[in-house]
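# Architecture at a glance
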Amino acid sequence: MKIAYLDCFSGISGNMILGALVDLGLDIAELKEKLDRLDIKGWRIDAAKVAKQGISATYVDVVTRGGEDGRTLEDITRIIEQSDLDKWVKAKACEIFGRLAKAEAKIHRRDCDGDMGHLHEVGGTDTIIDVVGGLIGVKMLGIDEVRSSPLNLGSGMVRCRHGWLPVPAPVTAELLRGVPVYSTETTGELTTPTGAAMIMGMTAQFGPMPVLEMEGVGYGAGKMDLSVPNVLRVFVGQTTEEVKDYVAEPITLLETNIDDMNPQLYDHIMEKLLETGALDVFLTPVQMKKNRPGTVLSVVARREDVEKLLDIILSESTTLGVRVDEMQRRSLLRSSRVIKTGYGRIRVKVAQRSHGVSTMVPEYDDCRKAAKRYDVPISQIYTEVQRVISEQDCS
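One structure accompanies this document, and this report is about it.

Rules and cut-offs
Residues numbered from 1 in each chain as written. Predicted model: local features only at pLDDT ≥ 70, side-chain atom pairs only at ≥ 80, totals over all residues. Heavy atoms only, no water. Helix = DSSP H or I, 4+ residues; strand = E, 2+ residues; numbered from the N terminus. Polar contact = N/O pair within 3.5 Å; in protein donor to acceptor, adjacent residues only side chain to side chain. Contact = heavy atoms within 4.5 Å. Buried < 20%, exposed > 50% of the residue type's maximum accessible area, 1.4 Å probe, protein only. Arc of directions from axis to C-beta. Pairing = 2+ DSSP bridges. Core = buried A, V, L, I, M, F, W, Y, C linked by side-chain atoms within 4.5 Å. Axes fitted to C-alpha atoms, helices over the stretch in contact; angles between N-to-C directions. Parallel < 35°, antiparallel > 145°, perpendicular 65-115°, else oblique. Nonpolar A, V, L, I, M, F, W, Y, C, P; charged D, E, K, R; others polar. Salt bridge = Lys/Arg side-chain N within 4 Å of Asp/Glu carboxyl O.

## Examining the side chain of Asn-15
Take Asn-15: it is sitting in helix H1 (residues 14–23). At 2.7 Å, the side chain of Asn-15 forms a polar contact with the side chain of Ser-13. Contact partners of Asn-15, with chain neighbours within four places excluded, come to Tyr-59, Val-60, Asp-130 and Ala-221.

Here it is, written out as structure tokens:
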């Protein structure tokens, strides 16, 4: 699997991503041809070699005629979806601008839909070209997965449309919830809102660089001249990890210890968490301070669902705080089938394993409903499903 590892020791921005990809060999003429499929006029891409503290890097500048700032999320989504670009590029681009719209809406206390969805800071032509161009570049270079180091945010103040704001800008800080970040004495906005949204939309995992069979390294330059090399370094290579039989995805584990809540309430909380998008919810009995019996409430969640699930835990339980731990889940490739049995149609989960071997497990809810309908033990339903599966495998 071909992996791009983003080394963000000097932050990240949209044009730094483009610059690093061009530095890696991305054909800029072909990139421009694909970007011309967007219904946007009045822009051009300039790319040039520059030196940042002695390091040769590529600086990409998207030059526009202006006058197109403040598009709504609906405007931008329409421009992207009406193009004939790759489906993955369009889906990821819409996801990234959706993240930007939600972050701006939260910071400025407004709805992100309809006429209120103007992207004041990042709705311009240059941002659209940066985002879509970066995604096109990833596809053109045949990169299967993007991973990243923790992000250097910078320090000091940055001038925005609303005046001078602290670094990181509030929108950037909102976008990077759950991401490992740090700040150094380097003054300036190192991680921009566009860079933050793009890395959240593209990156499968944050952490140390994986073991790679190196194929290349590219340097994308930022605009500022700093006391450190203002570049994004991108390593590309083949991973030695075996991932053929499973998929990897970032997840978040939310945990809290509770020792003062009515146990009857757990059923309601667990049901609400699962309905809101939790991947799993489980309880673990523990002995707490002063040997008090307690319970650890654990919730496994996708990154985008963390805030909603935190709100439920903090409002529905007696806890005063929740631990948040970023990690990666690897799971077998799965699908669903419907098996016709003597007790009606029963869904089964199919997990793909090595060498074409698959495991089929009946859905508990379907088996429970069939057992009630036919007034038989649920184990009898399970036995019937396994019998039908065996017969189909043999036929």
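Don't stop here, the text continues.
## As for helix H10 (residues 364–374)
Among the residues of H10, Asp-366, Cys-367, Ala-370 and Ala-371 are the ones counted as buried. In an axial view of H10, the angular spread of the buried residues amounts to 135°, which keeps them on one side of the axis. Along H10, exposed side chains directed more than 90 degrees from the buried face belong to Lys-372 and Arg-373. Among the residues trailing H10, Asp-375 stands out with phi positive, at a value near 55°.

## Focus on the environment of Gly-98
With respect to the secondary-structure elements, Gly-98 resides in helix H4 (residues 87–108). Along the sequence, Gly-98 and Arg-302 sit 204 residues apart, while their C-alpha atoms lie 17 Å from each other.

## A closer look at the pairing of strand E18 (residues 344–352)
The pairing of strand E17 (residues 323–341) with E18 spans nine bridges and is antiparallel. The residue bridging Thr-341 from the neighbouring strand is Gly-344, located in E18. Hairpin connection between E17 and E18: a loop of two residues separates the two successive antiparallel strands.

## Thoughts on unusual backbone geometry
Trans is the common state for peptide bonds, and a negative phi is the common state for residues other than glycine. Backbone torsion omega between Val-167 and Pro-168 reads 0°, so that peptide bond is classified as cis. The residue Pro-168 is located in the loop between strand E8 (163–166) and helix H6 (170–175) in this model.

## Considering the nonpolar core
Counting 58 residues, the largest nonpolar core has Leu-6, Leu-35, Leu-38 and Val-132 as the members making the most contacts within it. The greatest single-element share of this core, amounting to eight residues, is contributed by H4. When sequence neighbours within four positions are dropped, the list of residues in contact with Val-132 reads Leu-35, Leu-38, Ile-80, Leu-85, Val-89 and Ala-93. Membership of the second largest hydrophobic core comes to 16 residues, among which are Val-299, Leu-309, Leu-310 and Ile-312.

## Examining the environment of Arg-329
Mapped onto the fold, Arg-329 is located in strand E17. With 78 residues separating them along the chain, Arg-329 and Ile-251 place their C-alpha atoms 6.3 Å apart.

## A look at the packing of helix H3 (residues 73–81) against H4
Between H3 and H4, the shortest axis-to-axis distance is 10 Å and the interhelical angle comes to 170°. Judged by the inter-axis angle, H3 sits roughly antiparallel to H4. Counted together, Leu-73, Ile-76, Thr-77, Ile-80 and Glu-81 of H3 and Lys-90, Ala-93, Cys-94, Phe-97, Gly-98 and Ala-101 of H4 form the full contact between these two elements. Classifying every residue of the contact of H3 with H4 by side-chain character gives seven nonpolar, two polar and two charged.

## Examining the pattern of salt bridges
It is possible for side chains bearing opposite charge to pair when their charged atoms get close. Taken as a whole and judged by the stated rule, the model has 23 salt bridges. Note that Lys-308 and Asp-305 form a salt bridge whose closest N and O atoms lie 3.2 Å from each other.

## Considerations on helix H9 (residues 306–316)
Among the residues making up H9, those that are buried are Val-306, Leu-309, Leu-310, Ile-312 and Ile-313. Along the axis of H9, the buried residues cluster in a sector spanning 160°; they form a single face. Residues of H9 that are exposed and point more than 90 degrees away from the buried face comprise Asp-311 and Ser-315.

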